[in-house]
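# Structural description and commentary
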Amino acid sequence: GDATIRATDVELLDGCNWLNDNVISFAYEYYGMVFFPGARFLFVPPPTVQMMLLLPSSDLAMLLSPLSFATQDLIFLPINNNKDPSRAGGSHWSLLVYVASLKQFFYYDSAGTIGLKNARSVTSQVAALLSIPSRSVVLESETHTPQQGNGYDCGVYVLSITEYLASKYLAGCSPKDMFSDLRDAGKDDITPKSIEQTRRRIKKTIEDIIAERNTK
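This structure is a prediction, so every number in the text was calculated from the model and none was measured. (Residues numbered from 1 in each chain as written. Predicted model: local features only at pLDDT ≥ 70, side-chain atom pairs only at ≥ 80, totals over all residues. Heavy atoms only, no water.)

## Here's the deal with the packing of aromatic side chains
Here is the rule we go by: A pair of Phe, Tyr and Trp rings is counted when the ring centres sit within 6.5 Å of each other, with Trp represented by its six-membered ring. The angle between the planes then sorts it: under 30 degrees is stacked, over 60 is edge-to-face, the rest tilted. Burial status follows relative accessibility: with a 1.4 Å probe on protein chains alone, a residue under 20% of its type maximum counts as buried, one over 50% as exposed, and anything between as partly exposed. Numbered from the N terminus, helices here are DSSP runs of H or I no shorter than four residues, and strands are runs of E no shorter than two.
Applying the stated criterion across every chain yields a total of 17 aromatic pairs. With centroids separated by 6.2 Å and ring planes inclined at 85°, the aromatic side chains of F41 and F43 adopt a geometry described as edge-to-face. A relative accessible area of 8% places F43 in the buried class. Look at F41 and Y169: their rings are 5.8 Å apart centre to centre, the planes differ by 75°, and that puts the pair in the edge-to-face class. Note that F41 is positioned in strand β1 (residues 41–43) and Y169 in helix α6 (residues 154–170), a separation of 128 residues in sequence. Put simply, the rings of Y28, Y30, Y31, F35, F36, F41, F43, F76, F106, Y169 and F179 touch in pairs and so form one group of aromatic residues.

## Things to note about the pairing of strand β4 (residues 104–108)
To be explicit about the condition: What makes two strands pair is DSSP finding at least two bridges between them.
Of all the five residues making up β4, five are buried; the element is thus mostly covered by neighbouring parts of the structure. In β4, alternate side chains face the same way, and those of Q104, F106 and Y108 on one face and F105 and Y107 on the other are all buried. Sheet analysis places strand β3 (residues 93–99) next to β4, joined by five bridges and oriented antiparallel. Counted as the bridge partner of Y98 is F105 from β4. Alignment of β4 against strand β5 (residues 139–141), held across three bridges, turns out to be parallel.

## Considering the packing of helix α2 (residues 21–35) against helix α9 (residues 192–214)
Filter applied, for reference: Note on definitions: angles span 0 to 180 degrees between N-to-C directions of axes, and those axes are lines fitted to C-alpha atoms, for helices only across the stretch in contact. Should an angle fall under 35 degrees it is taken as roughly parallel, and over 145 as roughly antiparallel, whereas 65 to 115 is taken as roughly perpendicular and any remaining angle as oblique. Throughout, a contact is declared for two residues whenever any of their heavy atoms are within 4.5 Å. Under the convention adopted here, Pro, Cys and the residues Ala, Val, Leu, Ile, Met, Phe, Trp and Tyr are nonpolar, Asp, Glu, Lys and Arg are charged, and Gly plus all remaining residues are polar.
One can describe the packing of α2 onto α9 by two numbers: an axis separation of 12 Å at closest approach and a directional angle of 75°. Between α2 and α9, the angle is such that the two are roughly perpendicular. Across the interface between the two elements, F26, Y30, Y31 and F35 of α2 pack against R201, I202, T205, I206, I209 and R213 of α9. Split into classes, the residues belonging to the contact of α2 with α9 amount to seven nonpolar, one polar and two charged.

Taken by themselves, the reported measurements are silent on function.
See below:
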């Protein structure tokens, strides 16, 4: 795949570390190629989302045409709260999801609404790419998103919520109910314990892929 990951990136999955662009990009590429193959899901990597905050929609239409936004059932976009997308930075990840069957955007944040401003900007860009009139854009901020209990697990919550929603959608759950209420997920599926397990699982997956590459 295209995502590049280094040993220092993999180490971020140990203990109390904030995940960077590379880890989330690698996980998103894995979701598209291995975890949910054949599904009409688009897992947009963080650098592409940051580009959407920098460029006018007229430029994005040509640059992002290979991603085929208009043919996807679900579009997942990790949002960084960086106030200046032209520079490296930011301290928090949240998640924006577009659901084609509902023509609606949903925002998930494990720390309140820290990334909502950038999520609104990305929503406007995606709506333009999909030719949705601005007056028709619906962005719903989900108040029942499971909340992190520390300052570093936001990226793992983004990955866990992505997996949860994509799996539920494929299982035939009602999109409206599933996307508008994660209350039950916070009780059973996305908990501090499961977040730790997700860290370990993603690290092992990356290590296995790297080991496989090295034997070729």
